[in-house]
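# Descriptive structure summary
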Amino acid sequence: MVVASQVSRWYGQVIGVNDVTCEIGPGITALLGMNGAGKTTLIRLITGQLRPTTGVLTVFGLQPFANPEVYRRMGYCPEIDNFYEHYSGRDFVRYLARLDGMSAAKAASRTDEVIDMVGMTERAGRRIAGYSKGMRQRIKLAQAMLHDPDLILLDEPLNGLDPVGRREFMDLLHGLAENGKGILVSSHILFEVEQMTRSLLLLHRGRLLATGDLGVIRSLIDKHPHQIRIDTDEPRRAAELLASVPNIVSMKFDRSGEALELEVREPAAFYDALSAAILERGLLVRGLSSPDNNLESVFKYLVEA
Amino acid sequence: MEQAIFFQALRENLRLRRFLPWIVLGVLLVFGFGHLWSTFQPDASLEQRYGTVSSILVFHILALTSAILTSTILSQEIEQKTIVYLVTRPVPRWKLLLFRYLACGLVVSFLGGFNAVCASVGVYGSLGAGASLAKDIAAIVVGAFAYGAFFMFLGLLFNRAMIMCLLFAFGWETMVPNMPGQMCYLSINSYLQAIAQHPSQGGNKGLGLLTSTAGDNTLTSSVGYMAMIGFAVALVALSAWWFSTFEYLPREDAE
């Protein structure tokens, strides 16, 4: 669906994306990167709002810039939180349906359908100005699905959604992907992406750092010792119970004496052992955190690799 | 699709908050000024008084209305970032621009026409301006689309174009028609005055300056029509090409 070949985009002296080559096909693909990594620029190149400075980018074999043929088959949910605030959600979506070339009657019925799909039927008649962040996200998603596009691009779509909304949203995406749609979701939260797809494009400072299966990237990360912190009233007992777990690289007590800090090579095996210690040996744990299980660490590992 | 673009733009411009101030301005200022003008020009005929009021207020308010409504045809969408929803739909960009322009031109024409009617009622106490009113309305419609095309183009070229448009409407359009020689032909107002054919102010230099008719304007009505229609068509075509060719991103992202 999308083919990018050595695509770069400069904003004056600043580079947005740098020499990106990739392909995006059917199914859910996550575009992962920290803020400022170039995700939005890449999405804007794909949606034809921008032209590449160098390289070639095609969508369905066509140049996307200002190309209605591409937009007929593409839906876009932008990151921005701006609307015609005085419109109701239904009026806003219906207007965009009309711009998609639907007749007034077809636009009205299709609007009701997509609004129902995103769970906004009850609230679609209210003015957008009074919507919560989550409701705005749903309306943005609704307008992206209006014309039943083959490719849907979602820029940070989970921002502002509550846990139930996220679950519903992910189910909706999986349903669309199962019907053969291509879906590109950008995010800067690794955990969020892991729940949606295994297929990744990893951007860092404008460059495509890694592509492919999340499992490969995960295993690469897992080769590095993970830091794990266990907050407990009995750190010495925790150390005793966990000492026999293989692949623990180091273990030390926190200065306050209320936590145990570990470095672990295979976190999955360690978490199993920890569960057993809690359930079978009655270890009291107040908190558990993994300070380096975040995107920055992923990038650090990948750059080192 | 075209209908949707046109009627959405019309709906936006006819929002009470946007539309009502212009109606109030017409009633209070144009009607009131027309009614009181007999005090300042007691010896003039009703036709002369109407022509003066129309030149001073109706034509200048027309430029002002157009500057405020038309320069925002797309720049408002760009500043509010809603441009994203428009440029990623399967609608050619030139259509977006053209039908918004037509809707805006229609609203500006209506407001200009309303002001001309207010001036007529203020001066005559009725629609007695007759033929002068009809010529004025024709000039206003042509002017609305000519100013609109120019301001729309400025809106595509510059950030915060409204300031430039207001300077043009107040400064350029007031001063340039009064300049000697061929300079007055660089003003839209000169062509509109040629179409409207208001009675001359005679030797009254002060009124000539106020009505922006102190220059050496010898244009005929038909030249006025042709020049303004050509100007509007050329600028709309240029704007359509520009908007279809260049990138339009939410403002602060592009800077």
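Described in the following lines is the structure provided in the data block.

Calculation notes
- Residues numbered from 1 in each chain as written.
- Chains lettered and ligands numbered in written order.
- Predicted model: local features only at pLDDT ≥ 70, side-chain atom pairs only at ≥ 80, totals over all residues.
- Heavy atoms only, no water.
- Helix = DSSP H or I, 4+ residues; strand = E, 2+ residues; numbered from the N terminus.
- Buried < 20%, exposed > 50% of the residue type's maximum accessible area, 1.4 Å probe, protein only.
- Contact = heavy atoms within 4.5 Å.
- Lys, Arg positive; Asp, Glu negative; His and termini not counted.
- Charge placed at Lys NZ, Arg CZ, Asp CG, Glu CD.
- Phe/Tyr/Trp six-rings, centres within 6.5 Å; stacked < 30°, edge-to-face > 60°.
- Lys NZ or Arg CZ within 6 Å of the ring centre and 35° of its normal.
- Buried area = accessible area lost by both parts, 1.4 Å probe.
- Salt bridge = Lys/Arg side-chain N within 4 Å of Asp/Glu carboxyl O.
- Nonpolar A, V, L, I, M, F, W, Y, C, P; charged D, E, K, R; others polar.
- Core = buried A, V, L, I, M, F, W, Y, C linked by side-chain atoms within 4.5 Å.
- Pairing = 2+ DSSP bridges.
- Axes fitted to C-alpha atoms, helices over the stretch in contact; angles between N-to-C directions.

## Quick notes on the overall build of chain A
Along its length, chain A carries 11 helices and 13 strands. With the C-alpha coordinates aligned to their principal axes, the bounding extent of chain A is approximately 70 × 45 × 35 Å. Here chain A holds 305 residues, and the buried ones make up 51% of them. Partitioning the intrachain contacts of chain A with sequence separation of at least 6 by distance along the chain shows that 66% fall at a separation of at least 24. One finds the centroid of the 35 positive side-chain charges in chain A at a distance of 5 Å from the centroid of its 38 negative side-chain charges.

## Regarding the packing of aromatic side chains
Going through the model one piece at a time under the given rule, you end up with 21 aromatic pairs over all chains. Ring geometry for F92 of chain A against Y85 of chain B: centres 5.0 Å apart, planes inclined by 85 degrees, an arrangement best described as edge-to-face. Within this pair, whereas F92 of chain A is found in helix α3 (residues 89–99), its partner Y85 of chain B is found in helix α5 (residues 83–87), the two belonging to separate chains. The buried category is assigned to F92 of chain A, whose relative accessible area is 0%. Judged by relative accessible area, which is 1%, Y85 of chain B ranks as buried. Clustering of aromatic rings is evident, with ring pairs tying together F83, Y84, Y87, F92 and Y95 of chain A together with Y85 of chain B. The lysine or arginine in question, R73 of chain A, covers the ring of F60 of chain A, its NZ or CZ lying 3.9 Å from the ring centre.

## A look at the interface of chain A and chain B
Each side of the interface is counted separately: chain A has 32 residues, and chain B has 30 residues. Overall, the association of chain A and chain B removes approximately 2,900 Å² of surface from exposure, summing both partners, and the carbon and sulfur fraction of that is 56%. The largest share of the area that chain A buries against chain B comes from Q49, Y84 and L99 of chain A, three residues that together contribute 21% of it. The interface formed by chain A and chain B contains three salt bridges. Note that R89 of chain B and D100 of chain A form a salt bridge whose closest N and O atoms lie 2.8 Å from each other. Counting only elements with at least two residues in the side of chain A that touches chain B, the list comes to α2 (68–71), α3 and α5 (133–145) of chain A. Here the residues of the side of chain A that touches chain B sort into 16 nonpolar, eight polar and eight charged.

## What to know about unusual backbone geometry
All names here are of chain A. Of note in the backbone geometry, F60 takes a positive phi value of approximately 55 degrees without being a glycine. Mapping F60 onto the fold places it in the loop between β4 (54–59) and α2. On the basis of relative accessible area, F60 is assigned to the buried category, the value being 18%. If you check the backbone angles, E156 has positive phi at about 50 degrees while not being a glycine.

## Focus: the side chain of S187 of chain A
Topologically, S187 of chain A is positioned in strand β7 (residues 182–187). Excluding residues within four positions of it along the chain, S187 of chain A makes contact with L31, L32, G33, K39, E156, E192 and V193 of chain A.

## A look at the nonpolar core
Among the nonpolar cores identified, the biggest contains 148 residues, and I46 and F92 of chain A are the most heavily contacted of them. Here this core takes 14 residues from helix α7 (residues 131–157) of chain B, the largest share from any one element. Core analysis: the next-biggest nonpolar cluster, separate from the first, contains 14 residues, A238, L242, A277 and L283 of chain A among them.

## Remarks on the sheet that holds strand β8 (residues 199–204) of chain A
Where strands meet in a sheet, backbone hydrogen bonds hold them as pairs that are either parallel or antiparallel. Residues and elements named next belong to chain A. Across the sheet, which stays open at both edges, the six strands sit in the order β5-β6-β7-β3-β8-β9 with mixed pairing between neighbours. Since the sheet does not close on itself, it has two edges, and those belong to β5 (74–77) and β9 (207–213), each with one partner. Adjacent strand axes in the sheet meet at a mean angle of 15 degrees when their direction is disregarded. Across six bridges, β8 lies against β9 in antiparallel orientation. Each bridged residue has a counterpart across the sheet, and for L203 the counterpart in β9 is L208.

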